[in-house]
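# Coordinate analysis (summary)
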Amino acid sequence: MANLGIFLAPGFEECEALIVVDICRRAGLTIQMISISDEKTVVSSHNVSVVADTILSEVDFNTLDMIILPGGMPGTKNLEACDALMRQVDDFYKAGKCISAICAAPSIFGHKGYLNGRDAVSYPSFESHLEGARVLKEPVAVSEHVTTSRGLGTALDFGLAIVERYCGKEKADEIATAVVYK
């Protein structure tokens, strides 16, 4: 079964992170909430304190199958400013390992040139940061090993796309039905 890591920076959008964690765990996927600081407690963009499972310095990235970046401000900026995490994102991308981002966070992939020639989506005011992408208006865009999503309103779609990648469409549909989605 896949092992996923979702990275929490001060100012992250709590629903974009926690909905994804919930959907993935319902599907039986292992997903770790990882604080990018040395403290497990991370305060979200709406002043909600969330206790992560672990901290960045304790993560063995060789065991992860996917890196997930939630949006939010200033969370997205804080993720992008975290050199240790960005080195791992670079390594994952170059190795063809899965990277995913929602809301403002796909802008990080755009800044790095990862979206050239790919379908991608983001929060509307961040679409100009999707450098080189074919910008769509869909809830989620999956382009090989890069997945992007538009924002809080698409967090369920984003989580279900991750479940579909690792568990199949039938499991994703089962989870969608169980949570009374669509």
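Below: a short report on this structure.

About the criteria used
Residues numbered from 1 in each chain as written. Predicted model: local features only at pLDDT ≥ 70, side-chain atom pairs only at ≥ 80, totals over all residues. Heavy atoms only, no water. Helix = DSSP H or I, 4+ residues; strand = E, 2+ residues; numbered from the N terminus. Buried < 20%, exposed > 50% of the residue type's maximum accessible area, 1.4 Å probe, protein only. Pairing = 2+ DSSP bridges. Contact = heavy atoms within 4.5 Å. Axes fitted to C-alpha atoms, helices over the stretch in contact; angles between N-to-C directions.

Most peptide bonds take the trans form, and the phi angle of most residues other than glycine is negative. A cis geometry characterises the amide bond from Met 73 onward to Pro 74, with omega recorded as 10 degrees. Turning to its location among the elements, Pro 74 is positioned in the loop between β6 (66–69) and α2 (75–80). Residues other than glycine seldom take positive phi values, yet Asn 47 does so here, at roughly 60 degrees. By the element assignment, Asn 47 lies in the loop between β3 (41–43) and β4 (49–51). You can call Asn 47 exposed: its relative accessible area is 66%. Residues other than glycine seldom take positive phi values, yet Glu 144 does so here, at roughly 55 degrees. Following the sequence through the fold, Glu 144 ends up in the loop between β10 (140–143) and β11 (146–149). Relative accessible area serves as the criterion here: at 60%, Glu 144 is assigned to the exposed category.

With that out of the way, let us pick up the sheet that holds β6. Across the sheet, which stays open at both edges, the seven strands sit in the order β5-β2-β1-β6-β7-β11-β10 with mixed pairing between neighbours. The sheet is open, and its two edges are formed by β5 (54–55) and β10, each paired on a single side. With two bridges joining them, strand β2 (residues 30–35) and β5 adopt parallel strand pairing. Bridge pairing in β5 places Ile 34 opposite Thr 54. Packing of helix α1 (residues 14–26) onto the sheet brings it into contact with β1 (3–8), β2, β6 and β7 (98–102), and relative to β2 it is tilted by some 155 degrees. Helix α3 (residues 83–95) rests against β1, β6, β7 and β11 of the sheet, and its axis sits at about 130 degrees to β6.

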